[in-house]
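# Observations on the three-dimensional arrangement
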Number of protein chains: 2
Amino acid sequence: MAKRTTKRTTKRAPKGSTPGAAGGAAKRREGGAAQAAPAAEESPRGRMTKQGLQAVRDRNLKRDGETLKQIRTTADDVHRNILKGVKPDLRLPVRSLSNVTYSQQRGYFEIGRQKKVRTLTVNTVKAFAQSLRMMSLSKELVETNDFATKRDAYYQSKNWGEAMFQDQVESDTVMDDIEALFSIHSISREQLRFVPDEHGGAVAGELIVYDPDLDTGEVERIDCTRFGSGAYSIPSSVEHLSFETRARFILAIETGGMFQRLQSHKFWKQAGCILVSMSGVPTRSTRRFIRRLSDAAKIPVYAFVDCDPYGISNIYRTLKVGSGNAAHINQFFCVPQARFLGVTPQDITDYKLPTHPLKEVDVKRAKDALKNDPFFRHHRPWQKALQQLLKMGVRAEQQALAKWGLNYVIEEYLPRKLKEVKAFLP
Amino acid sequence: MAKRTTKRTTKRAPKGSTPGAAGGAAKRREGGAAQAAPAAEESPRGRMTKQGLQAVRDRNLKRDGETLKQIRTTADDVHRNILKGVKPDLRLPVRSLSNVTYSQQRGYFEIGRQKKVRTLTVNTVKAFAQSLRMMSLSKELVETNDFATKRDAYYQSKNWGEAMFQDQVESDTVMDDIEALFSIHSISREQLRFVPDEHGGAVAGELIVYDPDLDTGEVERIDCTRFGSGAYSIPSSVEHLSFETRARFILAIETGGMFQRLQSHKFWKQAGCILVSMSGVPTRSTRRFIRRLSDAAKIPVYAFVDCDPYGISNIYRTLKVGSGNAAHINQFFCVPQARFLGVTPQDITDYKLPTHPLKEVDVKRAKDALKNDPFFRHHRPWQKALQQLLKMGVRAEQQALAKWGLNYVIEEYLPRKLKEVKAFLP
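Nothing here was measured: the structure is a model prediction, and the numbers come from that model.

Note on the copies: chain B fits chain A at an RMSD of 0.0 Å, the axial shift is 0.0 Å, and the rotation between them is 180°. The two molecules are tied by a two-fold rotation axis, judged by turn and shift. The overlap is high: 98% of the interface residues of chain B also sit at the interface in chain A, so the same surface is used on both sides.

A few words now on the sheet that holds strand S7 (residues 219–223) of chain B. Residues and elements named next belong to chain B. In space, the three strands of this open sheet follow the order S7-S6-S9, with antiparallel pairing throughout. The open sheet has two edge strands with one neighbour each: S7 and strand S9 (242–244). Taken pair by pair, the neighbouring strands of this sheet meet at an average axis angle of 25°, ignoring direction. Here strand S6 (residues 208–212) pairs with S9 via three bridges, running antiparallel. For Val209, the partnering residue across the bridge sits in S9 and is Phe243. Across the sheet, helix H3 (residues 50–84) is in contact with S6, S7 and S9; its angle to S6 comes to roughly 55°.

Time to look at the sheet that holds strand S6 (residues 208–212) of chain A. All names here are of chain A. The sheet built from three strands is open, its strands ordered S7-S6-S9 with antiparallel pairing. Of all the strands in the sheet, just strand S7 (219–223) and strand S9 (242–244) have a single pairing partner and so form its edges. Here the average twist between neighbouring strands, direction ignored, is 25°. Relative to S7, S6 is paired through five bridges, and the arrangement is antiparallel. Note on S7: the bridge partner recorded for Asp211 is Glu220. Along the sheet face, helix H3 (residues 50–84) touches S6, S7 and S9 and points at about 55° away from the line of S6.

In this section: the state of the cysteines. Within the structure shown, the criterion is met by zero disulfides over all chains. Cysteine Cys273 of chain A is unpaired, with the sulfur of Cys224 of chain A as its nearest cysteine sulfur at 12 Å.

Most of S7 of chain B sits inside the fold, with four of its five residues counted as buried. In this structure, the hairpin formed by S6 of chain B and S7 of chain B is closed by a connection of six residues, where Gly217 of chain B is found at a positive phi of approximately 80°.

Residues and elements named next belong to chain A. At a closest axis distance of 10 Å, the pairing of H3 and helix H4 (residues 125–143) adopts a crossing angle of 155°. Taken together, the axes of H3 and H4 lie roughly antiparallel to each other. Handedness of the H3/H4 crossing: left-handed. Seen from H3, the contacting residues are Asp64, Thr67, Leu68, Ile71, Arg72, Thr74, Ala75 and Val78; seen from H4, they are Phe128, Leu132, Met135, Ser138, Lys139, Val142 and Glu143. Its residues assigned to classes, the contact of H3 with H4 comprises eight nonpolar, three polar and four charged.

Our next topic: the interface of chain B and chain A. Counting from both sides, the interface comprises 64 residues of chain B and, opposite them, 63 residues of chain A. In total, about 5200 Å² of surface goes out of reach between chain B and chain A, with carbon and sulfur atoms giving 50% of it. Here chain B and chain A share ten salt bridges between them. The tally of links between chain B and chain A comes to 35 residue pairs in polar contact (both at pLDDT 80 or more). Looking at which element gives the most residues to the side of chain B that touches chain A, the answer is helix H7 (residues 256–264) of chain B, with seven residues. Residues of the side of chain B that touches chain A, tallied by class, amount to 23 nonpolar, 25 polar and 16 charged. With three bridges connecting them, strand S8 (residues 231–233) of chain A and strand S8 (residues 231–233) of chain B associate as antiparallel partners. Note that in S8 of chain B the partner of Tyr232 of chain A across the bridge is Tyr232 of chain B.

Rules of the game
Residues numbered from 1 in each chain as written. Chains lettered and ligands numbered in written order. Predicted model: local features only at pLDDT ≥ 70, side-chain atom pairs only at ≥ 80, totals over all residues. Heavy atoms only, no water. Least-squares fit on C-alpha atoms with pLDDT ≥ 70 in both. Contact = heavy atoms within 4.5 Å. Pairing = 2+ DSSP bridges. Helix = DSSP H or I, 4+ residues; strand = E, 2+ residues; numbered from the N terminus. Axes fitted to C-alpha atoms, helices over the stretch in contact; angles between N-to-C directions. Disulfide = S-S within 2.5 Å. Buried < 20%, exposed > 50% of the residue type's maximum accessible area, 1.4 Å probe, protein only. Parallel < 35°, antiparallel > 145°, perpendicular 65-115°, else oblique. Left-handed = near helix turned anticlockwise from the far one by under 90°. Nonpolar A, V, L, I, M, F, W, Y, C, P; charged D, E, K, R; others polar. Buried area = accessible area lost by both parts, 1.4 Å probe. Salt bridge = Lys/Arg side-chain N within 4 Å of Asp/Glu carboxyl O. Polar contact = N/O pair within 3.5 Å; in protein donor to acceptor, adjacent residues only side chain to side chain.

And the structure:
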């Protein structure tokens, strides 16, 4: 099926978004594409040229080359040790909370230096073989320009003879180990061509996505302003995508209902932005999409979620700094440039929003964040905001703004908020 | 915000898809668009003309006119009774399982004729007023070409004075009553402009969607063959969409992972079909989208789900005949023309698929379907299939086909199955 006519890579622009970046981006916008983008094939602000399309393919090819090289190096080490008569081993980062730190400078939870060494012995022979087979599957996927979900990988193993997985938990653990192993070399699971089973969120607004076809290498140009009331659905893996945008910021929205309102009324046109629907805690591909897009276009990300401990500490915190439980992937998935537009506890008062009382689980979550979460402990304004919320004893949904009219959010709330991005919570 | 420059309606073509329709559609396809579509603006098989675009707008306008007329008639009745000094009432269909029958002829669970009468008395004055306000909100939404989610409606009520809802359960109940009331006149909740908060599924393949802009009335042309590895994300409401397609069938897929495989390798091109990702039990808008598309294009729907009681009796059964609990909406949302491609219990044997043992909940679900579900009780082949599954004591996921190679599903399984659509389970 998958003829190998193209390969993929990722482009990562230096981080450059700052809280005040919206204004700067506006200036760039006025400057026009040509001025803003001296190297059209590199900058997502210029219009994609023919050379640009070729560059998309070349970059993907190069990135895949790096992945293959890293797999080969790891396998060669094992092979060399065996030839020398030495027991081969794999050094896997320890994936536990004890090996996680919050990096203030980078702005996310980082995995530490602890390693567990998987040496080839009589007892570990099966897990060792499975790790090598999993790496080998990844190599094959990159070479044939294909991909596999966790489930696919598990079922593939049914042809691995004695290295076959007995159940999917086993298989997932080995995949997580391999992911952690290669994350040290800044290679993500998606670059290893293992993709999530779940879909990404929906996107609409001032954005062109370039997506090279798996089989033919032809690059599809997807204009996210042209979806009517529908939207662009993010694929499982976004590593191979390139972007072109003149948007000033990305608005990451918690609920499908709010996204639909902003999309149907084309809020992105009036605000010059890109809308992303997270539908609760964003999936891997949604987070990675936002991160890559924000990095490449150097535009900030504003989160618009419910004002409750779940919206703040689960959705927003996960989007921005990732999670401690999966610290080895945060370097790819977190969006440290994200800022919190609202709904803030102060908004509840300022906009006289209808509220619900905080549930027990809300109170527990907020107190836990204040006491144990390095992110909230690091940011004084967040401590104040959470304490304010606990004191008020209520929560408010983003759709509560509908009290003032269905489109109050478009006509009043968001424009007013966007005039003061510096006041956004960190 | 929402200037009123256009209105919407729904086009419903007569049901015409039969199990063997794929062959017929293939012939129409060869015949070319012009021949197949004598009236280009009516048939989704012809290419959309300028007149066609105008017809899309006109149809939407007409449908909205009908909705407004029905709201007015209902309100007028109440008004007239008040003027006559008679206590006004609203006759709402009883929404309970005792008022549900399985219509063999129509192929779905239908709501019966039992009505609960809400007469205006001292005790019912608040609920009565709320029902009228909810209808009034709907009228306003149609007139301003806008929409509201359940939550939006709840928060809007905060400005209804004494008719304000105290919590959302109250508000949802009144909305469900209004939905049931108007369903008698074949008007769906979406036509009343109350839309779900959740997103629709993802779509890719041989399909053009026409979507008139809410504010300008300009019709967007969305080509679902042009999304690369991404997809078209179905909006919350699909009543206003029109379609153009030469596809032979719609393939409704359970998992995001399988959808991604078929989409990335452009299976729709080779098979001449439209792929829809359901991601589990399909949402309202996904079901309505499939139904409207299948009706309009007169093409069959094939379901491709896991072989377990959940995939069969929850996902497939809900897609095809709807649910008893919400029988008043099945006329809009069920897809009676759907058929079950697989994975079937027989496939587990034929394709030697890796399996998992049935869990207790699986066994319970299957036994319950055999004993109590009118749909399964009506279809002998389904009884045999469920009994076979229970006897085998195992279940298989659709991704289990990956045992034979990641793209075995594209190269072998689906082509082989599609040669024998008559053998699909009903």
